Amino acid sequence: MPIDKFQTLKSPAVPLPIENIDTDQIIPARFLKAVERKGFGDNLFRDWRYDNKNQPIASFVLNNPTYKGKILVAGKNFGSGSSREHAAWAVYDYGFRVVVSSFFADIFKNNALNNGLLPVQVSEGFAAKLFQTINADPEATFTVNLIDQTITNDQTGEKESFEINAYKKECLLQGFDDVDYLINQKEEIVAFENAQ
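Residues numbered from 1 in each chain as written. Predicted model: local features only at pLDDT ≥ 70, side-chain atom pairs only at ≥ 80, totals over all residues. Heavy atoms only, no water.

1. So, the sheet that holds strand 4 (residues 98-101)
Backbone-to-backbone hydrogen bonds pair the strands of a sheet. The strands run either parallel or antiparallel.
(1) Moving on: The 4 strands lie next to each other as 2-3-4-5, forming an open sheet whose pairing is parallel. Pairing within the sheet leaves two strands with one partner each, and these edge strands are strand 2 (13-16) and strand 5 (118-121). Neighbour to neighbour, the strand axes of the sheet diverge by 20° on average, direction disregarded.
(2) Moving on: The sheet contact formed by strand 3 (residues 71-74) and strand 4 spans 3 bridges and is parallel. Across the sheet, L72 pairs through a bridge with V99, a residue of strand 4. (Pairing = 2+ DSSP bridges. Helix = DSSP H or I, 4+ residues; strand = E, 2+ residues; numbered from the N terminus. Axes fitted to C-alpha atoms, helices over the stretch in contact; angles between N-to-C directions.)

2. Here's the deal with the nonpolar core
(1) Moving on: By size, the foremost hydrophobic cluster in this structure holds 26 residues, and its most contacted members are I26, F45, F78 and F108.
(2) Moving on: Elements with a contribution of two residues or more to this core: strand 2, strand 3, helix 3 (86-94) and helix 4 (106-114).
(3) Moving on: Examining the composition of this core, we find that 6 residues originate from one element, helix 3, more than from any other.
(4) Moving on: I26 has contacts with I21, N43, L44, F45, F78, G79, A87, V91 and F108, leaving out every residue within four places of it along the chain.
(5) Moving on: The next biggest cluster of nonpolar side chains, apart from the first, holds 25 residues, and it includes L118, V120, F126 and V144. (Core = buried A, V, L, I, M, F, W, Y, C linked by side-chain atoms within 4.5 Å. Buried < 20%, exposed > 50% of the residue type's maximum accessible area, 1.4 Å probe, protein only. Contact = heavy atoms within 4.5 Å.)

3. What to know about the packing of aromatic side chains
The description of an aromatic ring pair rests on the distance of the ring centres and on the angle between the ring planes.
(1) Moving on: Applying the stated criterion to the full structure yields 8 aromatic pairs.
(2) Moving on: Aromatic side chains F78 and F104 sit 6.3 Å apart centroid to centroid with 85° between the ring planes, which places their arrangement in the edge-to-face category. Of this pair, F78 sits in the loop between strand 3 and helix 3 while F104 sits in the loop between strand 4 and helix 4, placing them 26 residues apart in sequence. There is no split in this pair, since F78 and F104 are both buried.
(3) Moving on: Ring pairs connect the aromatic residues F45, W48 and F60, which therefore count as one cluster.
(4) Moving on: Between the NZ or CZ atom of R46 and the centre of the ring of Y50, over which it lies, the distance is 4.3 Å.
(5) Moving on: Between R97 and the ring centre of Y92, over which it is positioned, the NZ or CZ distance is 3.7 Å. (Phe/Tyr/Trp six-rings, centres within 6.5 Å; stacked < 30°, edge-to-face > 60°. Lys NZ or Arg CZ within 6 Å of the ring centre and 35° of its normal.)

4. A few points about the sheet that holds strand 6 (residues 142-145)
(1) Moving on: Strand order in this open sheet of 4 strands is 1-6-7-8, and the pairing throughout is antiparallel. Looking at which strands have only one partner, the edges of the open sheet turn out to be strand 1 (8-11) and strand 8 (159-161). Averaged over all adjacent pairs, the angle separating strand axes in this sheet is 10°, with direction ignored.
(2) Moving on: Looking at chain direction, strand 7 (residues 150-153) and strand 8 are connected through 3 bridges and run antiparallel. In the strand pairing of strand 8, T152 is matched with K159.
(3) Moving on: Running over the sheet, helix 5 (residues 124-136) touches strand 6, strand 7 and strand 8 and is turned about 40° from strand 7.

Treat this as a map of the structure, not an account of what it does.
Printed below as a string of structure tokens:
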């Protein structure tokens, strides 16, 4: 599945102010049978979105039409638990391009970056203000600028910087996964080999 190029995203956000969301909550283990990245979004937060009769749970935020957008603002310690890459696949396949949290589990963060999903780690205070803004106005937008490595609350003008590995940043800007990046370097690799 190709990865979208990412430079700047301006979007409303979906609030999920729950701490310690683990990968089994993001994508339950029973849905891990497929090996392609397609279709996992249908089961994102499956056990929170649907009851045991497969009916949508109205109180869960993804079932609330008030909230929409390509940014998920989540509680602290997002993506803990097992190392399943499917969790990043599910978040991306659902349509999110950015997850904002005050802390990410390292394995989820790396899996996200490898699959075109940008994890934006912000301070707890900034995250709290994002939740306040969304609660006050669900249509409020936020701008994530990967080039400048900033996220801006468009309602208040407040801005915060975030860290990202330089190589992963370049891959996201170009829409490359690791294999695409190497293929793109083919001429340089061949020239290096021929020079030996």
